[in-house]
Amino acid sequence: MALLGNLTGSSQFFNDTAFYNGAVSSSLRMQDARLTETPSSTGNSKKWTFSAWIKRGTLADSYIFAGTPYDGYNGIAAIYFTAAGQLHTYYDTSGANPYGAVGPRLFRDTSSWYHLVWAVDAANTIHKIWINNELVSTDTGKYPPNYDYGINRSGSEMVIGDGAWDSYGSTNFNGYMAEINHCDGQYLEPDSFGETKNGVWIPLKDPSLTYGTNGFRLQFLQTGTSANSSGIGADTSGQANHFAVNALAASDVVPDSPENNFCTMNPLHFRASYGMATLSEGNLAYGDAGLSSSWGAQFSTFNLNSGKWYAEVLTKGNSSCSIGVMNVGHYGYQHFLVQNPQNETGNWTLFMDGTDTKSRLNGSLADPTYTAFNNDQVLGIALNADDKELSFYVDGTLQTGLGSSGVIDISTGGSSNDAWSFTANTANGSGVTFVWNFGQDSSFAGDETATSNSDANSNGTFHTAPPSGFLAVCSANLPEPTIGSNSATQADDHFNTLIYDGNDDATRTFDVGFVSDWSWFKARNASGIGHQLYDSSRGVTKFLASNTNGAEDTNTEGVTSFNSSGLLAIGNSNFLNKSGRTHVLWNWKANGGTTSSNTDGSITSTVQANTTAGFSIVTATSPSSGTWSVGHGLSKKPDMIIQKYRSGTGRWTTWHNILTSGQYLGLNETNAVASSGTPFNFTITDSVIGGNADYDNTSQTVVYYVFHNVEGYSRIGSYSGNGNEDGTFVYLGFRPAFIMLKCKDNVSSWNILDNKRDPDNTVNQYILPSSSDAEGSLVQADFLSNGIKFRTTNAERNGTRVILYMAFAEAPFKYANAR
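In this text, all values refer to a predicted model and were calculated from it rather than measured experimentally.

J.: Any chance you could explain the environment of Thr58 here in plain terms?
T.: Positionally, Thr58 belongs in the loop between strand 3 (47–56) and strand 4 (62–67). Leaving out residues up to four positions away in the same chain, Thr58 has contacts with Asn174, Pro267, Leu279 and Asn283. Polar side-chain contacts of Thr58 include one of 2.8 Å to the side chain of Asn174.

Right under this line is the structure:
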């Protein structure tokens, strides 16, 4: 076996045995490259199963696997992504050419891994395609005709990563592939290759497969370039169907894998006025091509708000640029998507103007006081997100001319929302190219000699050994979430969404999976049917409607039981279970209906709190006048509070962490943020919520729904839209299950999107909490492994304004598959 290049001393040996199977440790980075194998004998050219793990690069037409034609264009069989994000199949036969999109789903997630299975039985004119164990629907006209194809056929080349034959042009795959299995003569389903663990689809270790005459397994454990057992295309199935390589080198075998996902730069950001730099080399390299007189920027796919992290960038071209980190958590991406991002507050970079290196610390230019970095030098960046510190290294030498002996304080102007993205920016058509290494490639795409300088966890390799305690930016090094796929509880143990059809049954139960302490119902296909919100603190049959300012009401056929086994019972209410209506039900867990008295505030409150998930339900009775406070039962300061008077009318007063003291929104209203008639005195602390009984009602019973951020599970924050169909990307740190959003400073509706009404991208179906209207449909966004990418010009979702949100996870980014 050849020396393992980028894998030496790296996560080649990493396997999170507590969660993964240790099945996949490396992948092949591909761009303008291909793997080819030409069978010498024919197997079954009508039946096969192809399986591969795929991490997409830039979004372009990308062939994954194809068999070449053997009679003109006849015999082509291929599967590929389009630039628009669709998955296509293509079958070219004599007189019949069914090809096209495989269902409406779009696959535009470039930050994590997909698993693809393509099973064909042309003799019976059927095929099935799965992504992450989910069957992708197909049009009947796209099924393969009964024909002998160029896959598994003697003399017909099988190609991975390219569909460029004859006049078809370049359709090279750009990204990463791992653990490729092809079974000649077998029609298999995904469970032959993977399994579901705590809601996440993961690879099997050494699956039991029959490969057949022309089957193969490519694990990319070797780095040679010959078509043999030591080559990149080595077949490890035992069939010795080794692939030849084209435009690939040892440096293209990297430890980025579905079991340890590495950071790259993110092509999903959009800058309308100036454009974004075009990425290559698996989204690790870019420059300013096509960006004349403009700054070409990119941001990393990981945002880091805790831990110590090390990354490197090779600069190619001695001219103007800036490299470092930007505080996108506090300031948002749009703050930096401008002509000169290095001048903005929250920017912490070194600035090279062609002759000297200067600092751009928090947007201010400083004199050069340390060694300049120049052409073909490697700049090391050490980010201490715990202590909010930054250090730079030039070819391994710490730059001590800034801060305290090279340690720069980057806390200025920040907040509790601080999170940093790595970035590098070209200047005014300067001709600089950047090549990043977050631990996956110490050769910088072959420009440097690969090393074995791994981090303390034996993950990654670097040009220079990382400083003590600093780690490669990869999923294996992310902290274990309190709520997550490898934790005591998963996200759907605390929040989930159910959809159901009404049936008029006198009694109906739903298996929520936990005691649904807060249950929010809405009819989807009927206008004039309002929202009904129940909770186990106020008790059964008692509901509030988010679309009105009305007092608490009773529906005897509403929620009749919050069962301790997780069964939620309702009657045949005209609102909740009417035949002919579809419904959505959102559920949150507090404390299983068990309440306690809380005396942290000036008056006693009744609280049930889920401190793990950062959610509590608080009930109290306000005094007749003056200010007051109640304990909320959580362990930290809330990030969002929704308050409603129960015994009297009054708006659903909503406070969010982006709002200042005295500001509020109404959940039942479309108004912009207001501050008159302040409903809270905003004494909001780690233990209490302040109240003001002089507002609206006095001596009233009141309920509060209280939330704070929980890393990897919930995110309460804000973003600025860009008004473009190529909309704003919002980093959440998880694959979302639910998001509720509202424009802050403009009249607009609240909107709720979720992953059950829209299990595939794009997410289109929305519900308005302030309205009794039926569910609406409008192209909205892509839910992704690490956040949301908006895909609309709609002002309420992606207008050029500040939009606040509350989101809950399906799975944390540490474990999330691409969607």
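J.: Help me understand the pairing of strand 12 (residues 175–184), please; the structure alone is not making it clear to me.
T.: As a general feature of sheets, a regular strand has side chains that alternate between the two faces. Burial analysis of strand 12 places 10 of its 10 residues in the buried class, which makes it a mostly covered element. Relative to strand 12, strand 1 (residues 27–30) is paired through 3 bridges, and the arrangement is antiparallel. Looking at the pairing, Leu28 lines up with Met177 of strand 12. Relative to strand 12, strand 3 is paired through 8 bridges, and the arrangement is antiparallel. Residue pairing in the sheet places Phe50 in a bridge with His182 of strand 12. Summarising the sheet, strand 12 and strand 15 (residues 216–218) pair through 3 bridges and their orientation is antiparallel. Bridge assignment links Ile180 to a residue of strand 15, and that residue is Leu218.

J.: Can you help me understand the packing of aromatic side chains in this one?
T.: The description of an aromatic ring pair uses the distance of the two centres, along with the angle that the planes make with each other. Going through the model one piece at a time under the given rule, you end up with 50 aromatic pairs. Each ring, one from Trp518 and one from Phe707, has its centre 6.0 Å from the other, and the planes form 45°; the classification is tilted. Here Phe707 lies in strand 49 (residues 701–707) and Trp518 lies in strand 34 (residues 518–523), a separation of 189 residues in the sequence. Phe707 carries the same exposure label as Trp518, and that label is buried. One aromatic cluster is present, built from ring pairs that chain together Phe495, Trp518, Trp520, Trp586, Trp588, Phe615, Tyr705, Phe707, Tyr713, Phe738 and Phe808. Over the aromatic face of Tyr176 sits the side chain of Lys55, whose NZ or CZ is 5.5 Å from the ring centroid.

J.: Mind showing me how you'd approach the sheet that holds strand 55 (residues 776–783) here?
T.: The strands making up a sheet are joined through hydrogen bonds of the backbone, oriented either antiparallel or parallel. Overall, antiparallel pairing links the 4 strands, which are arranged 51-56-55-54 in an open sheet. Unpaired on one side and paired on the other, strand 51 (729–731) and strand 54 (763–766) mark the two borders of the sheet. Recorded for the sheet is a direction-independent mean angle of 35° between the axes of neighbouring strands. Pairing of strand 55 with strand 56 (residues 787–790) involves 3 bridges; the strand directions are antiparallel. Pairing of Asp782 across the sheet is with Lys789, part of strand 56.

J.: Even after reading the chapter, I still don't get empty space enclosed by the protein, so can you show me in this structure?
T.: Sizing a probe to match a water molecule and rolling it over the atoms shows the empty space that remains. Under the criterion given, the structure shown has 4 cavities of 30 Å³ or more. Size it by volume and the largest cavity reaches roughly 90 Å³. Around the largest cavity sit 15 residues that line it, and Tyr20, Ser112, Pro258, Tyr815 and Ala816 are the ones nearest its centre. When grouped by side-chain class, the residues that make up the lining of the largest cavity number 9 nonpolar, 5 polar and 1 charged.

Rules behind the numbers
Residues numbered from 1 in each chain as written. Predicted model: local features only at pLDDT ≥ 70, side-chain atom pairs only at ≥ 80, totals over all residues. Heavy atoms only, no water. Helix = DSSP H or I, 4+ residues; strand = E, 2+ residues; numbered from the N terminus. Contact = heavy atoms within 4.5 Å. Polar contact = N/O pair within 3.5 Å; in protein donor to acceptor, adjacent residues only side chain to side chain. Buried < 20%, exposed > 50% of the residue type's maximum accessible area, 1.4 Å probe, protein only. Pairing = 2+ DSSP bridges. Phe/Tyr/Trp six-rings, centres within 6.5 Å; stacked < 30°, edge-to-face > 60°. Lys NZ or Arg CZ within 6 Å of the ring centre and 35° of its normal. Axes fitted to C-alpha atoms, helices over the stretch in contact; angles between N-to-C directions. 1 Å grid on protein atoms, 1.4 Å probe; cavity = no way out; pocket = protein on both sides within 12 Å on 5 of 7 lines; lining within 4 Å. Points joined across faces, edges and corners; volume = space filled by probe spheres on them. Nonpolar A, V, L, I, M, F, W, Y, C, P; charged D, E, K, R; others polar.

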